[in-house]
Amino acid sequence: MARDDATTYFSKIAALVSTRSTCIKQHVGAILVKDMHIISTGYNGAPRGVSHCSKKTCLRQSLTSLQNAHLCRGVHAEQNAIIQAAIHGTSTKGATLYTTHFPCMSCTKIIINAGISEIVYLKDYDMENGVKMDLLREAGIKFGKVVI
C-alpha cells in the first residue's frame, strides 16, 4: 500500500492507542477515521467494569495467539473502536480502520457489518485464514499493510 502523510499519521496514532492496552500478552490499537477525522479509538483489554487482565485471570498466557481464542476475557481493539462510535452515535459506514494488527476472524465479520470500507494495518495476523480473506474481498473491503 502506498504510504502518504495521512496514512502514516493515523497509523502512528493507532500504535500510540495500543499503549493503553491492558492485555498481558499483546497490545493492539485501532482507530476509525472518516472524512480525515478520527471518530473513535479502541485498544484491547477486559470489558468495562471488569478487573484488568493479569497472570491470575489470563487463561491463555502460555498459549499461542490463535489457541483457544474463545477463552480470552478481553475485548479486541477493533471491537472497542466500533463500540465507542456506537456509544457516541457516530456512524462507521464508509470509515477506514487503522489498526496495529490485521483483524481476527471475529473482528473481520464485525468490521464488514459495521460498513467499514478499508483496513490499514501494521502487523500481519492469521493471514493464512483464507475464509477471512475471502469474506473481506467479497464484501469489497480494501486492505493493505503499511510500514511506518
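See the structure above.
On a predicted model such as this, the values are computed, not experimentally measured, just so you know.

Visitor: Even after reading the chapter, I still don't get the packing of helix H2 (residues 77–87) against helix H3 (residues 105–113), so can you show me in this structure?
Guide: The packing of two helices is summarised by the inter-axis angle and the distance between the axes. For the pair H2 and H3, the least separation of the axes is 9 Å and the interaxial angle reads 25°. It follows that H2 is roughly parallel to H3 by the angle criterion. Judged by the twist between their axes, the crossing of H2 over H3 is left-handed. Of H3, the residues touching H2 (which contributes Glu78, Gln79 and Ile82) are Cys107, Ile110 and Ile111.

Visitor: How should I be thinking about the pattern of salt bridges in this particular structure?
Guide: Under the defined criterion, the tally for this structure stands at two salt bridges. Between Lys132 and Asp126 there is a salt bridge; the shortest N-O distance is 3.9 Å. Residues Lys132 and Asp126 agree in their burial class; the two are buried.

Reading the values: the criteria
- Residues numbered from 1 in each chain as written.
- Predicted model: local features only at pLDDT ≥ 70, side-chain atom pairs only at ≥ 80, totals over all residues.
- Heavy atoms only, no water.
- Axes fitted to C-alpha atoms, helices over the stretch in contact; angles between N-to-C directions.
- Helix = DSSP H or I, 4+ residues; strand = E, 2+ residues; numbered from the N terminus.
- Parallel < 35°, antiparallel > 145°, perpendicular 65-115°, else oblique.
- Left-handed = near helix turned anticlockwise from the far one by under 90°.
- Contact = heavy atoms within 4.5 Å.
- Salt bridge = Lys/Arg side-chain N within 4 Å of Asp/Glu carboxyl O.
- Buried < 20%, exposed > 50% of the residue type's maximum accessible area, 1.4 Å probe, protein only.

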